[in-house]
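Each chain is listed here by its residues.
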Amino acid sequence: MTNILLSRFSYNECNISEVGKGTLEYIRSHLKHLLPTMSGNSLTVSPARIEDREFKQPLLCGPGPANYWPAMNDALTKWVISPMDDEYFWVLQDIRAGLQYAFQTSSPLVLAISGAGHSGMETVISNLLGRGEKLLIASRGIWDERACSMATRYGITPIVHSTAMTSTFSLSELEEQLKVHRPAALFITHGDSSTGSVQHLPGLGDLCHQYGALLIVDTVVSLVAVPFEMDRWGVDAVYTSLQKGLSGPAGITPVAFSARAEEKIKNRKHEPPFYFDMKLLAQQWNCYGDTRSYHHTLSPPLLWALRCSLQELCREGLEQSWARHAAATARFHQRLQTMPVTFLIPKPEDRLATVTTVVIPKEYDQLAVLKHIRDKYNIVIFRGLGPTVGVALRIGLMGVNATLQVADQVADALEDALITLKKGKL
Ligand code: GLV
């Protein structure tokens, strides 16, 4: 009986049923609580059937995630590092230096949050504003709605100024809002993946500061693909993602705060959630010197992954990365102009380099188009999200997929879907 029970506890070459008799006796007399099945109780839930399935990695041409850099597979299987290793702190330092380059900031308060893009949004909002403070939200897509919902949960007062989903904001209308409401901060999305638009930002930082507000910017789907310069543009808090322009896995989210934002954090009267507290995280990430304190356990594969993407970025150069994204998108847009489709965003200068929102004629079934492209070409594109559900398809060229070759591949697939489904259905 004992042997049957104990043999369940085998793991590779370490089979507990093979341990010496003396050891078994020791377990029986002193450590029985560690092996509850020795007391004859059987488990109430049996092992799940977890089996591998067939899956062929598609070409990811939606609004993100993008495919990984080729070097990512190695990065994800690098050593498990812990705060007991100097290497761990070197990795954090590499990441912070890479992020300062990516965001174009010399601020020391730059690090990555353990969590997907929303954790960045939650970090900036909850660190910079407290109960009763006003957050002006320039709203044109789903991410601004999320910011509003987060602010509300923290007792912050959101003031939503909306524009059409096909449009972006003028500086003068935002100035008007700042003047009237005098918010503690303005939240705005740079690239909006739900609508496929890009907001013009230069000049907005100065305007915000003139009216005593901080400027918070979401660059989840724009960073490294579209020009962004935190310090030069006076941005006070920004976050991005790893799974879009940086072509890595989701789950770790870079954030950066300006000196002005840092001052606000130092003097705030409210406490943000423990997990997102920048005062504590700055100590963990060693932002101000030799602090190296423990806050939570960082994921080694995600640290290596972020480091890998930043290494790729630094090798290529930001300007080259911006130019590559612009060229791929220009090629794709030229190809779209030969098809029976239209751009959701009418003004070319408002179109985002990473995500294009494409309106196909009403006669087509959007899901059939997506399915055709997936089944025949193993390319994934997405339907609309938030305000664009049922309105437009979202087609993305970002990270490693921002190339002329991928632009042509997706254009060929879409063209074929439109011809084939026309024959069959219209
Ligand atoms: C996610 O970021 C999306 O745009 O669907």
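As a convention, each chain's residues are numbered from 1 in the sequence order in which they are written. Totals for whole chains, interfaces and linings use all residues, but because this is a predicted model, local features are given only for residues with pLDDT of at least 70 and pairs of side-chain atoms are given and counted only at 80 or more. Derived side-chain values reflect all non-hydrogen atoms in the structure, with water molecules and hydrogen atoms excluded from consideration.

## Quick notes on the site of the ligand
Basically, it comes down to this: We call a residue near a molecule or strand when any one of its heavy atoms sits within 4 Å of it. Pairs of N or O atoms within 3.5 Å make up the polar contacts considered here, provided that, within protein, one atom can donate a hydrogen while the other can accept it, and that residues adjacent in sequence are counted only when both atoms are side-chain atoms. The accessible surface values rely on the Shrake-Rupley method and a 1.4 Å probe; as for residues, cover is taken only from the protein chains in view. Residues were grouped as follows: Ala, Val, Leu, Ile, Met, Phe, Trp, Tyr, Cys and Pro as nonpolar; Asp, Glu, Lys and Arg as charged; and all remaining residues, including Gly, as polar.
As a matter of local geometry, the ligand sits amid Pro63, Trp143, Ser193, Lys244, Leu385 and Arg394. Ser193 places a polar side-chain atom, nitrogen or oxygen, 2.5 Å from an oxygen atom of the ligand. Contacts to the ligand include Lys244, whose side-chain N or O atom sits 2.5 Å from an oxygen atom. In the complex, the protein chains occlude 79% of the 190 Å² of accessible area that the ligand would expose alone. In the shell around the ligand, the residues fall into three nonpolar, one polar and two charged.

## Digging into helix α7 (residues 171-181)
Residues three or four positions apart in an α-helix share a direction because the helix packs 3.6 residues into each turn. The condition that has to hold: Here's how the labels work: a residue is buried when its accessible area is under 20% of the maximum for its type, exposed when over 50%, partly exposed in between, all with a 1.4 Å probe on protein chains only. Working definition: helices are DSSP H or I runs of at least four residues, strands are E runs of at least two. Numbering for both runs from the N terminus. Comment: arc refers to directions from the helix axis out to C-beta atoms. Between two residues, a contact is recorded if the distance between any of their heavy atoms is within 4.5 Å.
Residues of α7 that are buried: Leu174, Gln177 and Leu178. The arc that holds every buried residue of α7, seen down its axis, measures 100 degrees, which confines them to one face. Exposed and oriented more than 90 degrees from the buried face of α7 are Ser172 and Val180. Tucked into the core, α7 has its buried residues touching β3 (134-139), β4 (157-162), β5 (185-189) and α8 (204-210). Of the residues one or two after α7, Arg182 is the one with positive phi, at around 45 degrees.

## Looking at the UniProt feature "domain: Aminotransferase class V" (unreviewed entry) in the protein
Definition in use: UniProt positions are given in the numbering used here, feature names are shortened, and annotations may be inferred rather than shown by experiment.
The sites that carry the UniProt feature "domain: Aminotransferase class V" (unreviewed entry) are, in the present numbering, residues 92-384. Measuring from the first to the last C-alpha atom of residues 92-384 gives 36 Å, for a span that is 42% helix and 17% strand.

## Comments concerning the sheet that holds β3
Let me state the cut-off plainly: Pairing between strands is defined by DSSP: at least two bridges between the two strands are required. Note on definitions: angles span 0 to 180 degrees between N-to-C directions of axes, and those axes are lines fitted to C-alpha atoms, for helices only across the stretch in contact.
The mixed open sheet is built from seven strands, whose spatial order is β2-β10-β9-β8-β5-β3-β4. Bordering the open sheet on either side are β2 (110-114) and β4, each of which pairs with just one other strand. Strand-to-strand, the axes of this sheet are offset by a mean angle of 20 degrees, without reference to chain direction. Looking at chain direction, β3 and β5 are connected through three bridges and run parallel. Bridging from a neighbouring strand, Leu136 pairs with Leu186 of β5.

## Considering the side chain of Ser309
Tracing the sequence through the fold places Ser309 in helix α12 (residues 300-316). The exposure class assigned to Ser309 is buried, which follows from its relative accessible area of 1%. Those residues in contact with Ser309 that lie beyond four places of it in its chain are Trp69, Met72, Leu242, Leu246, Ser247 and Gly248.

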